[in-house]
Every structure is written in C-alpha cells, then in structure tokens.
Amino acid sequence: MKPQTPPKTYRVKSFGCQMNVYDGERMGELLDGQGLTPAPEGEDADLVVLNTCHIREKAAEKIYSDIGRLTKGKTQKKAPMIAVAGCVAQAEGEEIMSRAPAVSMVVGPQAYHRLPDMLDKAVKGERATDTDMPAIAKFDSLPARKRRQPTAFLTVQEGCDKFCTYCVVPYTRGAEISRPYNHLIAEARKLIEAGAKEITLLGQNVNAWSGEDDKGRAVGLAGLIRSLATLDGLERIRYTTSHPNDMEDDLIAAHGEVDKLMPYLHLPVQSGSDRVLKAMNRAHTAESYLKLLERFRSARPDIALSGDFIVGFPGETEGEFEETLSLIDEVRYAAAFSFKYSPRPGTPAATMNGQIAPEVMDDRLQRLQARIARDQFAFNKATVGKTCSVLIERKGKHPGQWLGKSPWLQSVWFEGDVQLGDIVEARIAEAGPNSLGGELLQPVTA
Ligand code: 5AD
Ligand code: SF4
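Analysis parameters
- Residues numbered from 1 in each chain as written.
- Chains lettered and ligands numbered in written order.
- Predicted model: local features only at pLDDT ≥ 70, side-chain atom pairs only at ≥ 80, totals over all residues.
- Heavy atoms only, no water.
- Helix = DSSP H or I, 4+ residues; strand = E, 2+ residues; numbered from the N terminus.
- Buried < 20%, exposed > 50% of the residue type's maximum accessible area, 1.4 Å probe, protein only.
- Contact = heavy atoms within 4.5 Å.
- Pairing = 2+ DSSP bridges.
- Right-handed = clockwise from strand over helix to strand, strands pointing away.
- Near = heavy atom within 4 Å.
- Nonpolar A, V, L, I, M, F, W, Y, C, P; charged D, E, K, R; others polar.
- Expected span 1.5 Å × (residues − 1).
- Arc of directions from axis to C-beta.
- Phe/Tyr/Trp six-rings, centres within 6.5 Å; stacked < 30°, edge-to-face > 60°.
- Lys NZ or Arg CZ within 6 Å of the ring centre and 35° of its normal.

1. What about the side chain of Asn207?
Residue position: Asn207 is located in the loop between strand 10 (198-202) and strand 11 (210-212). Overall, the relative accessible area of 3% leaves Asn207 in the buried class. The contact partners of Asn207, leaving out residues within four places of it in the chain, are Leu221, Thr241, Ser242, His243, Asp246, Met247 and Leu251.

What follows is the structure in structure tokens.
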C-alpha cells in the first residue's frame, strides 16, 4: 500500500449491538485525541471506521459490500482510508486483509485502544491488523468520556463464558471480564457532568458483573446500580443484556427498591422448548425462566419484559416451535427481538444435523413476530391514560414536536415547550404498535 495523506476527518459506522455503539463512540474519542474531527453529516470523511457485527451471516457479509461502495465512490465522492473494527474484524481479520486490499486497518474489539498507532502505520503505507485480546483491559488506555447526550451507554462487563452452541460472541469478544467499580463510577460521573440523565449499563452478560465497592465489599450488578443511583444528576438507570443463569436475588430486589432503576428487563430465552434449550447449551429450562420472570413481576408489578428468540435452530420441530409460542403467550412481552437461526463458522450448532429449510424458518419467524407484535401493541394500549416521566431524546420532524422515552422504553411523541434532556411528566393519550402519543403535563427536571 502507498503512503497516505493523514486523515483530518473521520466517520465511525457502527452495526449490531449497543456495545458496538459504545465502542464506536470510544474510537471516535481516540481519533479526536489524534486531532481528527468527525466528518459533518452528508460530507466525505477522510477515514471511515466500519465497526462490524458477526452475530448473523447477513450482518457479517454486509462488510464487503460496504467496502466496495466506499472504494467505488458510491457512499462518498472520494474513497476514504478504511478501518474495519468490531467482531467481523476479530473473526475474519486475515480474510478481510486478503479479500479487500483497500482496507488499511483491521482492529478487534479488545484492541481498538491501539488505533492511533495503527493510524500512524497506515499513513506510512503499512497495513496493520490487531486482533489481540490483551490481558490488560483496553479501558485503561482510553481517554476520558466527553459525550454530550441525555442518554449514554456504559460498558461494565464484556465477553461471554456461556458458549451457547449457536453463538460467536465467546470467540469474538473473549472471556467474561468485569470493569472495576471505581472506574465505572468515575466514567459515570463524567457522563453525568457532560449531561447524561440516563445511563444504560452494557455487557454481553451484564448481570455477571462483579467487583469490589469503595469499602472493599464484594458487590454484584445490583450493588453497582445502588451506588450509581446515589449520584446527583443521574435520573435513570438501565442495563442490558442479562442471562437467566446469572441472576442474583439483589438485582430482583433492586427493581422494587431503587426508583432510578427503570421498570424494564431484557432477558433472552431463545426457545420455549427444553430439548432445544439443552441443544443450545442454555443451561436453563422454560419453566425456570418463567419462574424468574415471576419474581421480577412480584418485585416490580409494572415491569416491561423483553426477550430474544431464535427460530429454526437445528432439529427444531413444529411442536418445539409451538412451545416457544406458548411461552410467549404466557409471558406477554412488551417487546422482543427474534431471528432466524444463522449457522456461524466455528460454532457447534453449525455442523449439527437437522438444519432447517429457509422457508420453514421464514414461516416460523412470521408467526412468532405476529404474536410479539400483538403483545407489544397490547402493552402499549395498557399505558393509555397513565401519567409517566418521559426523557426527551430528540426533536421530531415538525416544529415543537419531540420524541422521548417512557420508563418502559416506549417511544413517546408529543408537542410542547421543552428541551433535549428534560424529564417531563406526560399523560399517554394514544397508543400505536410501536410508539405512544403523549400530552405534556409539567416539566419534572430541567
Ligand atoms: N443465529 C441467529 N440468532 C443469533 N443470535 C445469536 N447468535 C445467533 C445465530 N447464530 C441472537 C440471540 C442473541 C441475540 C443477540 O442474537 O437471540 O440473544
Ligand atoms: Fe452468545 Fe449465549 Fe453468550 Fe449470549 S450467553 S453472548 S447468546 S454465548
């Protein structure tokens, strides 16, 4: 590769999960530290970072078409310097380097703190790959937070030791690590100083987080949440994604006791069939999952429940799929994410017998999503007439129109004289399948 002009502007495009959004922001902050600035919306960037997702085949394949569009001038006028980050970089780094000669840098999710060094090399014309998973956490090498938004993500735990048989995460994100308590409190303070009213704690198994508080006591996620709740200026706390097998009693209790902890739980189950769950290596049953949800509902009766589902896991019969539908009928989710099983290279399920035909998967996905849509709409309708707090997250298309989030993570549209980041009291006037219409009562916090 020829030496390249040092880039002045950058754009980070993050795909996939919320942790990628967080990582994307952190990479942006690193590049800011190198004197680069974010490219304004609609303008060419000198450096484009594609922060990729490897969880399903479609997401992973997208990377090559994105690179093609960038180099052929379809995304922007001038071809930029390209860095590939995220989980595809981790899993297929070498392949990307040989298949896409226009890529200057390939950097895995545990190595992106080294992006500035890699950039120096790229400018000299040296292509660089870094997919190490260093023992020293990258977080220690990242600059202080400076993001100014009413809602913020904070990665508290990363990696996964569960090895569900369909999933690439344990290979791309590595083993479970918890960031130290003090670092998290410090980062939360920075986010709050910069204007965050809501913080969502992130982890692949966020409820496996453990640490020592400032008095040296062993604490779990609930302890961290209780400490964060004492910080002035922070009004809302959320966390995602939890695993049913890491649930501590105190987290359930916290939902009944900590006002700032929002009444929402995302707890993936994947299937309602015990045979399928076993083949997935989930190490819980449909019944143990349902019992767990009941405990959350006892602690916080209005809690909104959400989950993840995979249809068409190898060997899934029609009867087993119907067990998933029955579980959905029993839970009545407020929201859910559902996916067709996608065989991932290197995972045990990819070579299992009984791979399911695409048209069967399509049919099952449609049926499952229809049930979820029914329950989500019903949940939305049940909030009509209620008064709740709404955090203003962005402007709507029309003047005076705003979009905020209810405590149950529903989008709420309304009109009024408010500002970004306000928490206002609203009455829910109408419900649609995916959002609510609200009437402004009075501002709660400015
Ligand atoms: N195929 C389909 N869906 C998957 N997920 C993870 N791996 C796969 C796969 N191979 C889904 C799970 C998980 C969510 C993040 O993505 O439902 O909870
Ligand atoms: Fe993947 Fe299972 Fe770990 Fe979730 S718990 S990241 S689905 S291996």
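Read on, since the account is not over.
2. Brief notes about the pairing of strand 4 (residues 81-85)
Counting buried positions over the 5 residues of strand 4 gives 5, a clear majority of the element. Alternating positions in strand 4 separate into two faces, Met81, Ala83 and Ala85 on one and Ile82 and Val84 on the other, with burial throughout. Relative to strand 4, strand 3 (residues 47-52) runs parallel, the two sharing 5 bridges. Each bridged residue has a counterpart across the sheet, and for Asn51 the counterpart in strand 4 is Ala85. Once the chain exits strand 3 it traverses helix 2 (residues 57-71) before rejoining the sheet at strand 4, and the crossover so formed is right-handed. The sheet contact formed by strand 4 and strand 5 (residues 103-107) spans 4 bridges and is parallel. Paired with Val84 across the two strands is Val106, which belongs to strand 5. Where the polypeptide runs from strand 4 across helix 3 (residues 86-99) and back to strand 5, its parallel neighbour, the crossover connection is right-handed.

3. Here's the deal with the site of ligand 2
Near ligand 2 you find Cys160, Lys162, Phe163, Cys164, Tyr166, Cys167, Val169, Pro170, Asn205, His243 and Arg282, and these make up its full shell. Class assignment for the residues of the shell around ligand 2 results in 7 nonpolar, 2 polar and 2 charged.

4. A word on helix 11 (residues 318-331)
With 14 residues, helix 11 should reach 20 Å at 1.5 Å per residue; the first-to-last C-alpha distance of 20 Å fits that figure. Taken together, the buried positions of helix 11 are occupied by Glu320, Phe321, Thr324, Leu325, Leu327, Ile328 and Val331. Along the axis of helix 11, the buried residues cluster in a sector spanning 155°; they form a single face.

5. Focus: the packing of aromatic side chains
Scanning all chains against the criterion turns up 4 aromatic pairs. When the centroid spacing of 5.6 Å and the interplanar angle of 75° are considered together, the rings of Phe163 and Tyr171 count as edge-to-face. Given a relative accessible area of 41%, Tyr171 falls into the partly exposed group. Taken together, a centroid distance of 5.6 Å and an interplanar angle of 70° make the contact between Phe313 and Tyr341 edge-to-face. Highlighted residues: Phe313 in the loop between strand 15 (304-311) and helix 11 and Tyr341 in the loop between strand 16 (335-340) and helix 12 (358-382), separated in sequence by 28 residues. Its relative accessible area of 5% is what places Tyr341 among the buried residues. The lysine or arginine in question, Arg56, covers the ring of Phe339, its NZ or CZ lying 3.6 Å from the ring centre. The cationic tip of Arg99 hangs over the ring face of Tyr64; the distance from NZ or CZ to the ring centre is 3.6 Å.

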